[in-house]
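This is what each chain is made of:
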Amino acid sequence: MDIQEIKSRLTLANLIGYYGYKATKNNRICCPFHEDKTPSMQLYWKTQTAYCFSSNCKTHGKAIDVIDFILYKESSTKHEAIKKAIEIIGVDAPVTNNTTIVQPSKPMQNRETFLANMFTYFRNAVHNSPPAKEYLQQRNLDFKQIEVGYNAGQFHHGARKTEEIINQALEVGLLIDKNLVARTGEKAYQPFGKWCIVFALRNKQNQITGLYFRSTLNEKESKHYYLKERAGLYPHYPNSRAKKLILCEAIIDGATLLQVPEITAEYEILSLYGTNGLTDEHQTAIKELIELEEIILFFDGDNAGKEAINKYGKLLQEQKSQTKISIVETPENEDINSLRQGHEAEILIHLLNERKAFVEQKISEVKEKVKEINFSFSNEKTNGKPVENKKAEVVQINQNPSHHLNTDNPNNIFFSGMGANYTVKGGLKPQLDSLKIALQIIHKETKQDYRTKVDLCDYKQIQSTADTVSDLIQVRKDSIEKDLQLLTHLLENFRETEQQNQPLHSTKKVIIKVSEATASKCIGFMKQKNVLQNLNELIGKSGVVGEEKSRLLLFVIASSYKMKETLHSIVQGTSGSGKTTQIKVIANLMPPEDVKRFTRVTESSFYNYGEYELMNMLIVIEDADGLEEKALLAFRELQSNDILISSSTQKQDNGKFESGEKIVRGPIASLSATTKGEYYEDNLGRCFVITIDESKEQTQKVINYQNQKASGKIDSKTEKETTEFIQNCMRLLKPYEVINPFAELIQLPNEVHQRRRLNQLFQSIIKQITILKQYQRKQDNQGRLITEKEDVKDAIDILFESILLKMDELDGSVRQFFEWIKIMVEAKNNREYEFTRFEAMNATGLKKTQLQHNLNKLVQLEYLKQYGFMNKGFKYKISYWDNMAQVRAKLKDDLNNQLQKIGI
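If you're wondering where the values come from, they're calculated on a predicted model, not measured in any experiment.

Right, let's talk about the sheet that holds strand E11 (residues 268–271) for a bit. What holds strands together in a sheet is hydrogen bonding between their backbones, with the strands either parallel or antiparallel. The strand order E11-E10-E12-E13-E14 describes an open sheet built from five strands, whose pairing is mixed. Where the open sheet ends on each side, the last strands, each with one partner, are E11 and strand E14 (356–357). Direction of pairing for strand E10 (residues 244–248) relative to E11: parallel, over a ladder of four bridges. Residue pairing for E11: Leu245 is matched across the bridge by Glu268.

Put into structure tokens, the structure is as follows:
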């Protein structure tokens, strides 16, 4: 065996594995030849050499091969390094003083070792193979992030052509003996999986026991193959301590998921071998995961995928009865890899986050369930009457009535042509000067596909596409060209029909019809005399603990989204106080089709909505602190003026650019949360301010609720049913005009800040309470609801704390903090007592940042005086003892006296 053959058999990957090194994702290792904390040795798989970039390394300045690597590692001579290389390969051979080594008969390697060597060869081949790189790029697979190889069918030629390799390849199935003779007269073999990308299947010891091949040519034969005696799992056996496991339908889907760090950090991934490919080896591996909490079925969005979910979901429920089984609802006719080709990786994360619990259903039951939900599209208000549904039309042209578009899903238009099937991804753009589409072309028999973006108005692009497709998926060029011309006419007719049928100022808003039985129960509930109190109890059962007045006020505000005069609220509280949770639960009580939730809003995003897309929606902003000033300005305008108007340059349907007005219409209702209420003075004037109760008593209520839910005493199913019942009640509310006969008899105190605006908000709350009681309120001859005395009383009752906050110079969280400080100081029986920051921390339970913020605010407003020096520590003393209890009592007496005048 000569040195060249040694180098061909001993790969760099095998060598660094032998010495216990593992390459980083950038193909680097810590250099073995000097002190190296940061990997400085670069591995070059293409040339099978390594290079250290550190000037401290004795190899610096030259690339070393596998023999040199052993020489430096073992501190040996070159002759000894050659002997060591043969030992690593596993051949016991005599060595001469020259570089030629006599090769005796060699024992065959075991299957795992041989496949590992071959897979390393295939992985190295990717670097030199444009077809492999192009195919992987089309599939959005990165060979630098995942382990993937390429089989050009040349592994048994050239320097590698030895009797040992041929015999071993024949045994494992990489070569097939068909009694062929080459032109040279030598025996020839047919390579298995030629022109395929290659993935490794591994056993429990992480050894390669099988290979999976996927064709890059999309030939008419099967597009994927497994090595005979298939064994092993992809990408490997799951970690024995796995908590969450994703099962996907195909290996290429598993490879796609492996490229998303946010997914691999939280989930283990295991690929099936098709919809019938949950093998005994898969099942055994899953059974051994004793800490497994959840199995997630992420299959294709076709009938086969749905049937497989039913089949395997039931099987896994029986085998892992203590493990939760979830399903990901993949869009129709999509799979994991196709989704990644057309979207960013966030779509996979989003679909995983939206997964649902598995429930076995027959296909017929699914169809019946779909029929129960009646979707309709409504235009701008047409006297309260919804517009009739328009089913997706099938557009035909006279040239060939047998060919038509299936537009059931306008974002995934399907066309069956003479030569292939075609899917238009993402729908059509409205510009009339072009017909740019994202097109998937699928072979009718082999199902091989080709994806491209093309402008069908450009005949040269049609010709070029037809030429490319005919080579890749083996369909006649003239058939593809005729299909594309026909598809052009069909799409143009469909676009024209859609534009003619689309009404002016249309907005596609889903409306869910409540069944008669459910509507009867909801109306009966809303006819009850104490409907507000009963609603408040249901709100508590849905997950809002304590804070009875605040949660009811938030609910009343949220329910106003359908009305002409909508309401808004800002919930203030320290970090971790539960303010976001509270608005989330309240928003969940509204019909989900009428709610938009945001965790982040960019500067111009509100301006870019459709004209009627936000009309009569509930907007939930979970953290208003993250909004930039321009986004806050747009949000305030929607709250106050119910409209956004911006001047911008717009592309018209004829392709020309013209200046025009971009209009977004309200009204909207809104709920938002913040820790910095004083930064939002303009917003506070438009909103009801609600402060989270951070008292120890409320904290204990929350903890008790959490513990009861964890112990199973609180049933999540009951919470869900309560939520759905309230949602249906809200769907049945109708937007009425309201008149309040008592409006002139109730006045807010003069001490209230921004009294004009608050008075308007106060009257709106009274009207909204009347709306909630619409099934028990009378109407005048104009159809307007008439407010009754108890509606005014209820409004004052639930608004009392919010009105009190408007009279206070301090915002809610600072007020709570100051009251706790006063209690602490009064306990010392000395109003002149000077306290430290640590004493305040112990008394209030606040953390350093929020504590210091409140102290600084009170010092700034001269409620506290600060003494001392920074290096020795500050002390504080209360300098202004206000009396909120007296203010509270005075406000209550004032409002009660006004109520008595109207007979309450």
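Before going further, it helps to examine the side chain of Ser434. Following the sequence through the fold, Ser434 ends up in the loop between strand E17 (421–425) and strand E18 (436–442). On the basis of relative accessible area, Ser434 is assigned to the buried category, the value being 12%. When neighbours within four sequence positions are excluded, Ser434 is seen to be in contact with Asp455, Cys457 and Arg495.

Opposite charge on two side chains permits them to pair, given that their charged atoms come into close proximity. All told, the structure shown has 36 salt bridges when counted by the stated rule. When the shortest N-O distance is used, the salt bridge between Asp467 and Lys477 registers 4.0 Å. Taken together, the residues span a long stretch of sequence, with Asp467 in helix H15 (residues 459–473) and Lys477 in helix H16 (residues 477–501) at a distance of ten residues. Asp467 sits in the partly exposed class, given a relative accessible area of 36%.

What characterises a pair of aromatic rings is the spacing of the ring centres plus the angle enclosed by the ring planes. Evaluation of the coordinates by the stated rule reveals 23 aromatic pairs. Judged by centre distance (6.1 Å) and plane angle (40°), the rings of Phe199 and Tyr212 are tilted. Taken as a pair, Phe199 in strand E7 (residues 196–202) and Tyr212 in strand E8 (residues 208–215) lie far apart in primary sequence, 13 residues in all. You'll find Phe199 and Tyr212 in the same group, each marked buried. Taken together, the ring pairs connect Tyr121, Phe122, Phe155, Phe192, Phe213 and Tyr225 into an aromatic cluster. In this arrangement the basic side chain of Arg831 is found over the ring face of Trp881, its NZ or CZ atom lying 4.0 Å from the centre. For the cation-ring pair, Arg837 lies above Phe838, with the distance from its terminal atom to the ring centre recorded as 4.5 Å.

Before going further, it helps to spend a moment on the confidence of the model for the chain. Should the pLDDT be low somewhere, the predicted coordinates at that spot are not to be read in detail. Across the chain, the average pLDDT comes to 82, with 88% of residues at or above 70. Here helix H14 (residues 363–372) stands out as the element of the chain with the lowest mean pLDDT, 42, in contrast to E11, whose mean of 96 is the highest. Segment residues 91–105: pLDDT under 50, and 28 contacts once partners within four positions in sequence are set aside and those in other chains are kept. Note that pLDDT drops below 50 for residues 362–402; the model gives that stretch 50 contacts with residues more than four away or on any other chain.

Next up on the list: the nonpolar core. One finds Phe555, Met590, Leu618 and Ile765 to be the most contacted residues of the largest nonpolar core, which totals 65 residues. Considering every element that reaches this core, the biggest residue donor is helix H26 (residues 789–807), with nine residues. Non-local contacts of Met590, meaning those with residues more than four positions away in its chain, are made with Phe555, Ala558, Ser559, Tyr561, Val595, Leu618, Gln727 and Met730. Counting residues in each nonpolar core, the second largest holds 39 residues, with Ala132, Tyr234, Leu272 and Leu289 among its members.

With that settled, the discussion passes to the packing of helix H5 (residues 111–126) against helix H7 (residues 163–172). In helix packing, the relevant descriptors are the interaxial angle and the interaxial distance, both defined with respect to the helix axes. Where H5 contacts H7, the axes come no closer than 11 Å and their chain directions differ by 105°. Overall, the two elements H5 and H7 adopt an arrangement that is roughly perpendicular. Residues Arg111, Phe114 and Leu115 of H5 form the contact with H7, whose own contacting residues are Ile165, Gln168, Ala169 and Val172. The residue inventory of the contact of H5 with H7, partitioned by class, reads five nonpolar, one polar and one charged.

With that settled, consider the packing of helix H18 (residues 531–541) against helix H19 (residues 548–558). Contact pair H18 / H19: the axes reach a minimum separation of 10 Å and the direction vectors enclose 105°. Between H18 and H19, the crossing angle belongs to the class labelled roughly perpendicular. In this structure, H18 uses Leu532, Leu535, Asn536, Glu537, Ile539 and Gly540 to contact H19, whose residues at the interface are Glu548, Arg551, Leu552 and Phe555. Classifying every residue of the contact of H18 with H19 by side-chain character gives five nonpolar, two polar and three charged.

Strands sit in the order E15-E16-E17-E18-E19 across an open sheet of five strands; the sheet is antiparallel. At either end of the open sheet lies a strand with only one pairing partner, and these are strand E15 (405–406) and strand E19 (449–455). Direction of pairing for E17 relative to E18: antiparallel, over a ladder of five bridges. Directly across from Tyr422, in E18, lies its bridge partner Ile441. H15 contacts E18 and E19 of the sheet and is inclined by roughly 175° relative to E19.

Here the focus is the pairing of strand E12 (residues 294–298). Most of E12 is tucked away: five of the five residues are buried. Summarising the sheet, E10 and E12 pair through five bridges and their orientation is parallel. Looking across to E12, one finds that Leu247 is bridged to Leu297. When E12 meets strand E13 (residues 324–327), the two strands line up parallel, connected through four bridges. The residue of E13 that forms the bridge with Leu297 is Ile327. On the question of chirality, the crossover connecting E12 to the parallel E13 by way of helix H11 (residues 303–319) is right-handed.

Turning our attention to helix H17 (residues 516–526). Taken together, the buried positions of H17 are occupied by Ala519, Cys522, Phe525 and Met526. Mapping the buried residues of H17 onto a view down its axis gives an arc of 125°, with all of them on the same face. Structural note: H17 exposes Glu516, Ala517, Ser520 and Lys521 on the side pointing more than 90 degrees away from its buried face. Buried residues along H17 sit in contact with H18 and helix H24 (716–731).

This brings us to the environment of Leu15. Looking at the element boundaries, Leu15 is found in helix H2 (residues 12–18). Linking Leu15 and Phe69, residues 54 residues apart in sequence, is a C-alpha distance of 8.6 Å.

Next up on the list: empty space enclosed by the protein. Inspection of the entire model under this criterion finds two cavities of 30 Å³ or more. Taken together, Thr574, Glu694, Ser813, Gln816, Phe817, Trp820, Leu846 and Asn854 make up the full set of residues lining the second largest cavity. Counted by class, the lining of the second largest cavity contains three nonpolar, four polar and one charged residues.

Take unusual backbone geometry next. Here the residue pair Tyr234 and Pro235 is connected by a cis peptide bond, since its omega of 0° sits within 30 degrees of zero. If you trace the backbone, Pro235 turns up in the loop between strand E9 (224–226) and E10. Here the residue pair Gly666 and Pro667 is connected by a cis peptide bond, since its omega of 5° sits within 30 degrees of zero. In this structure, Pro667 sits in the loop between strand E24 (657–665) and strand E25 (668–674). Despite not being glycine, Lys447 has its phi angle at roughly 65°, a positive value. For Lys447, the location among the structural elements is in the loop between E18 and E19.

So, about the pairing of strand E20 (residues 568–572). Among the five residues in E20, five count as buried, and that is most of the element. Judged by which residues are buried, E20 turns out to be covered on both faces: His568, Ile570 and Gln572 on one side and Ser569 and Val571 on the other are all buried. Both E20 and E25 contribute to a ladder of five bridges, which runs parallel. If you follow Ile570 over to E25, its bridge partner there is Ser672.

The next thing to look at is the environment of Met730. Looking at where Met730 falls in the secondary structure, it is placed in helix H24. Considering only alpha carbons, one finds Met730 and Ser560, 170 residues apart in sequence, at a separation of 9.8 Å. Setting aside residues no more than four positions away along its own chain, Met730 makes contact with Phe555, Ser559, Tyr561, Lys562, Leu589, Met590, Pro591 and Leu772.

Here we come to helix H27 (residues 812–826). Compared with the 21 Å implied by 1.5 Å per residue over 15 residues, the 21 Å span of H27 between its first and last C-alpha is a close match. Most of H27 is tucked away: twelve of the 15 residues are buried. Among the residues of H27, those classed as buried are Gly812, Ser813, Val814, Arg815, Gln816, Phe817, Phe818, Trp820, Ile821, Lys822, Met824 and Val825.

Rules of the game
- Residues numbered from 1 in each chain as written.
- Predicted model: local features only at pLDDT ≥ 70, side-chain atom pairs only at ≥ 80, totals over all residues.
- Heavy atoms only, no water.
- Pairing = 2+ DSSP bridges.
- Helix = DSSP H or I, 4+ residues; strand = E, 2+ residues; numbered from the N terminus.
- Buried < 20%, exposed > 50% of the residue type's maximum accessible area, 1.4 Å probe, protein only.
- Contact = heavy atoms within 4.5 Å.
- Salt bridge = Lys/Arg side-chain N within 4 Å of Asp/Glu carboxyl O.
- Phe/Tyr/Trp six-rings, centres within 6.5 Å; stacked < 30°, edge-to-face > 60°.
- Lys NZ or Arg CZ within 6 Å of the ring centre and 35° of its normal.
- pLDDT = per-residue confidence, 0-100.
- Core = buried A, V, L, I, M, F, W, Y, C linked by side-chain atoms within 4.5 Å.
- Axes fitted to C-alpha atoms, helices over the stretch in contact; angles between N-to-C directions.
- Parallel < 35°, antiparallel > 145°, perpendicular 65-115°, else oblique.
- Nonpolar A, V, L, I, M, F, W, Y, C, P; charged D, E, K, R; others polar.
- Right-handed = clockwise from strand over helix to strand, strands pointing away.
- Arc of directions from axis to C-beta.
- 1 Å grid on protein atoms, 1.4 Å probe; cavity = no way out; pocket = protein on both sides within 12 Å on 5 of 7 lines; lining within 4 Å.
- Points joined across faces, edges and corners; volume = space filled by probe spheres on them.
- Expected span 1.5 Å × (residues − 1).

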